[in-house]
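Summary of structural features
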Amino acid sequence: MTETSTYAPKPEFVAQANVSGMEAYRELYRRAEETPEEFWAEVAEREFDWFEKWSHVFEWNPPFAKWFVGAKTNVAYNCLDRHLKNGRAQKIAILWEGEPGDERKITYQELHSMVCRFANVLKNRGYKSGDRAIIYMPMIPELPVAMLACARLGITHSVVFGGFSAEALKARIKDLGATVVITADGGWRRAKEVKLKAAVDEALLECPDVRDVIVRKRTGSDIPMKDGRDHWWHDLEEGVSSECPAEPVDAEHPLYVLYTSGTTGQPKGILHTTGGYMVQTTATMRWVFDLKENDVYWCSADIGWVTGHSYIVYGPLAAGATTVIYEGAPDTPAFDRWWSIVERHRITILYTSPTAIRALIRQGDEWPNKHDLSSLRLLGSVGEPINPAAWEWYYRVIGKQRCPIVDTWWQTETGSIMIAPLPGAIPTKPGSGTLPLPGVLPQVVDMSGKPVGVDQEGFLVIRRPWPAMIRTIWGDPKRYESQYWGRVPGVYFTGDAARCDADGYYWILGRVDDVMNVSGHRLSTMEVESALVRHPAVAEAAVVGKPHEITGQAVCCFVTLKQGNHDHNALGTELRKWVAHEIGAFARPEEIRFTEALPKTRSGKIMRRLLREIVTTRTVTGDVTTLEDLTVVTRLAAQRDEE
Ligand code: 7RM
């Protein structure tokens, strides 16, 4: 398998595809490029309900964009009520499986009632449009119910991934100014309880503005309930109506904030609004996944990440699809759990990450081979570059060489998929996201904004605003401007390096900033460093991503200690635990290396580039002329061999 092999769409697939053949793709792309406002207006009118029409489609006050200006709509209305009128009332909206094996099939009619009832609960406690809610829940149907209930009332939600610690949760509650927290007693993962309510209690010790904590019962474990503040979800729902009109909100009303890692220790709250986000996530759902009425679609991400927001909840439900949600781990009770889910529910579309694929490869082909995977017709990948070997395995062992693979490049900030093959049109090359979707104008440029040549490495930028794009960083419009629009003049800076080949195919090479990608989860080196230096024994820390066979990158920390006698072994274990507690288990460092000093420039900046080289190659070849103390590097590079 070389980088240059291509896989043309199969004629059977092309014949039934939503976008059929290269000509059709080119035509869509051309229209979106030449007349973007007409193009997006047409998409918006074709399938959505608007309470009031827009006065104009697009307004650009660089770097602030507005889409469907003046229009009024509601995302929850479009995800639910619209389907009750168009024949999908009895269709399964959410097909859910808990880790212990419990199952729920929820129709659009039932989901509508559940959302209305919970919206009334929020309303009864005084929450209204413009308020902010934190959602910290396991992967149970009530998580999307809570999101949609917020959207129905115009309450801006922020889902915090259940793997985040109390510390991380607290920072998000505070930054958002949330007044209500929606959670559960716990969730199941690898047959152990993830104690969510305990983390909420710890976080709320320092969040005086939170008035209510609403707790969904999931595990049934014994948890303390604070009088006046904590309420059981089921108690509050008692006698509450299952009718609740959707609040018409402005197309630019804040739908949600999702925190993601940037280049500093402070996570940034990415703001997504209503109209443009809804239109583009749904349109890309139909294009990229070739979504059909009878598909059983499963995205294995956690709803706490953007992939779950756009392609488990909002995209699929707005498109009227059946979206599958699985609560737990892929290896519980055994390594064939996923394939058993695919077989039992007759999944037709599977969307997952390269990390998951590599972890499953390691367990051997016998696990998928035990199951009938013939229902699958399309496979997707997201989160990081997929290496050709993993691509090939996915294609052969899971897709049986029948299913096209869509490698989708996008970001929390982009809201929707940006670069991906349309499966009935674009020939794929393993490892490339191929071509941009309609309305997306990428380019690979140098620091001055000048396009680099064919096959040259450069920065990936987007030359024109798109409907689902980030509107600002919550509470920090200056940071939004400088981080995304101030790096290369006039264009959106993605933070990724890329190259574009002679066929116009994009190859994403990874981040150019201090952001790591561990199992497809974004994590900033600064966040881990700040956590480390909060430990009383640590003087200084420098963190880099180290190439890792399964997770893409692993967290590797260089640490200098304060004076005193330290047991390096015990302290190493303790610091790994410490970081997991401060940020979340997924951030647990793979390696802690104690050192006498860190390599620094004369102005005192830690040279992470050198550390990256040391963990990758164990040698340093780059320029070290600005290094303050050259011996530091040779000692660090030699360290491994001594151990
Ligand atoms: C959806 C998501 C974004 C970063 C992005 C890239 C990397 C994501 C791909 C990819 C190569 C892909 N949002 N990335 N998808 N790299 N090929 N198909 O992952 O905000 O959490 O991360 O992830 O570096 O900038 S995210």
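For the structure, see preceding data.
The present account deals with the structure reproduced in this document. (Residues numbered from 1 in each chain as written. Predicted model: local features only at pLDDT ≥ 70, side-chain atom pairs only at ≥ 80, totals over all residues. Heavy atoms only, no water.)

This brings us to the overall build of the protein. Tallying secondary structure elements over the protein gives 21 helices and 29 strands in all. Whereas a compact globule of 643 residues would reach a radius of gyration of roughly 26 Å, the protein reaches 24 Å, a difference of no more than 12%. Taking the principal axes of the C-alpha coordinates as reference, the protein spans close to 70 × 65 × 55 Å. Per-residue burial for the protein yields a buried fraction of 61% across its 643 residues. Taking contacts inside the protein between residues at least 6 apart in sequence as the whole, the part at least 24 apart equals 70%. Averaged over its 74 positive side-chain charges, the protein has a centre that lies 0 Å from the centre of its 83 negative ones. (Helix = DSSP H or I, 4+ residues; strand = E, 2+ residues; numbered from the N terminus. Rg over C-alpha atoms; globule rule 2.2 N^0.38 Å. Buried < 20%, exposed > 50% of the residue type's maximum accessible area, 1.4 Å probe, protein only. Contact = heavy atoms within 4.5 Å. Lys, Arg positive; Asp, Glu negative; His and termini not counted. Charge placed at Lys NZ, Arg CZ, Asp CG, Glu CD.)

Attention now moves to the site of the ligand. Close to the ligand lie 17 residues; Asp407, Thr408, Thr412, Asp496 and Arg522 are nearest. Here Pro385 contributes a backbone N or O atom positioned 3.4 Å from a nitrogen atom of the ligand. One of the side-chain N or O atoms of Arg522 is found 2.9 Å from an oxygen atom in the ligand. Coverage of the ligand by the protein chains reaches 95% of its 530 Å² of free accessible surface. (Near = heavy atom within 4 Å. Polar contact = N/O pair within 3.5 Å; in protein donor to acceptor, adjacent residues only side chain to side chain. Areas by Shrake-Rupley, 256 points an atom, 1.4 Å probe, with all protein chains shown as cover.)

Structurally, Ala198 can be placed in helix 9 (residues 196–204). The sequence separation of Ala198 and Ala541 amounts to 343 residues, and the corresponding C-alpha distance is 29 Å.

Tallied over the entire structure, the rule returns 39 aromatic pairs. Centre to centre, the rings of Phe164 and Phe586 are 5.2 Å apart; their planes meet at 85 degrees, and the pair counts as edge-to-face. Of the two residues, Phe164 is situated in the loop between strand 7 (156–159) and helix 8 (166–176) and Phe586 in the loop between helix 19 (568–582) and strand 29 (591–594); the sequence distance between them amounts to 422 residues. Each of the two residues, Phe164 as well as Phe586, counts as buried. Ring centres of Tyr311 and Trp410 lie 5.1 Å apart, and the angle between their planes is 90 degrees; on these two criteria the pair is classed as edge-to-face. Here the residue Tyr311 occupies a position in helix 12 (residues 306–318), and Trp410 occupies one in the loop between strand 20 (405–408) and strand 21 (442–445), the gap between them amounting to 99 residues. Residue Trp410 is classed as buried on the basis of its relative accessible area of 8%. (Phe/Tyr/Trp six-rings, centres within 6.5 Å; stacked < 30°, edge-to-face > 60°.)

On to the sheet that holds strand 21. The antiparallel open sheet is built from 4 strands, whose spatial order is 21-22-23-24. Bordering the open sheet on either side are strand 21 and strand 24 (506–511), each of which pairs with just one other strand. Averaged over all pairs of adjacent strands, the angle between their axes in this sheet comes to 45 degrees, without regard to strand direction. The sheet contact formed by strand 23 (residues 492–500) and strand 24 spans 5 bridges and is antiparallel. The residue bridging Asp496 from the neighbouring strand is Arg511, located in strand 24. (Pairing = 2+ DSSP bridges. Axes fitted to C-alpha atoms, helices over the stretch in contact; angles between N-to-C directions.)

We now examine the pairing of strand 29. With burial as the criterion, each face of strand 29 is covered, one bearing Glu591 and Arg593 and the other bearing Ile592 and Phe594. Pairing of strand 28 (residues 552–561) with strand 29 involves 4 bridges; the strand directions are parallel. Paired with Phe558 across the bridge in strand 29 is Arg593.

Moving on, we get to the sheet that holds strand 20. In space, the 7 strands of this open sheet follow the order 5-4-17-16-18-19-20, with mixed pairing throughout. Strands at the two margins of the open sheet, each flanked by one partner only, are strand 5 (103–107) and strand 20. Sheet twist, expressed as the average angle between the axes of neighbouring strands with direction ignored, equals 20 degrees. Across 4 bridges, the pairing between strand 19 (residues 378–382) and strand 20 is parallel. Among the inter-strand pairings, Ser381 is bridged to a residue of strand 20, identified as Asp407.

Further remarks concern the side chain of Lys429. Along the chain, Lys429 falls in the loop between strand 20 and strand 21. For Lys429, a relative accessible area of 7% gives the class buried.

This part covers the pattern of salt bridges. Pairs can form between side chains of opposite charge whenever their charged atoms are close. Taken as a whole and assessed by the stated rule, the structure comprises 49 salt bridges. Lys197 serves as the salt-bridge partner of Asp201, at 2.8 Å between the closest nitrogen and oxygen. Remark: Lys197 and Asp201 occur in helix 9; sequence separation between them is 4 residues, near one turn of the helix. You'll find Asp201 and Lys197 in the same group, each marked buried. For the salt bridge of Asp336 with Lys370, the shortest nitrogen-to-oxygen distance reads 3.8 Å. Here Asp336 is found in the loop between strand 17 (322–326) and helix 13 (337–345), whereas its partner Lys370 is found in the loop between helix 15 (366–369) and strand 19, with 34 residues between them in sequence. Looking at Lys370, the relative accessible area reads 53%, which means it is exposed. Residues joined by salt bridges that share partners form a network here, namely Glu97, Glu103, Arg337 and Arg344. (Salt bridge = Lys/Arg side-chain N within 4 Å of Asp/Glu carboxyl O.)

It is worth stressing that arrangement in space is one thing and function is another; only the former is reported here.
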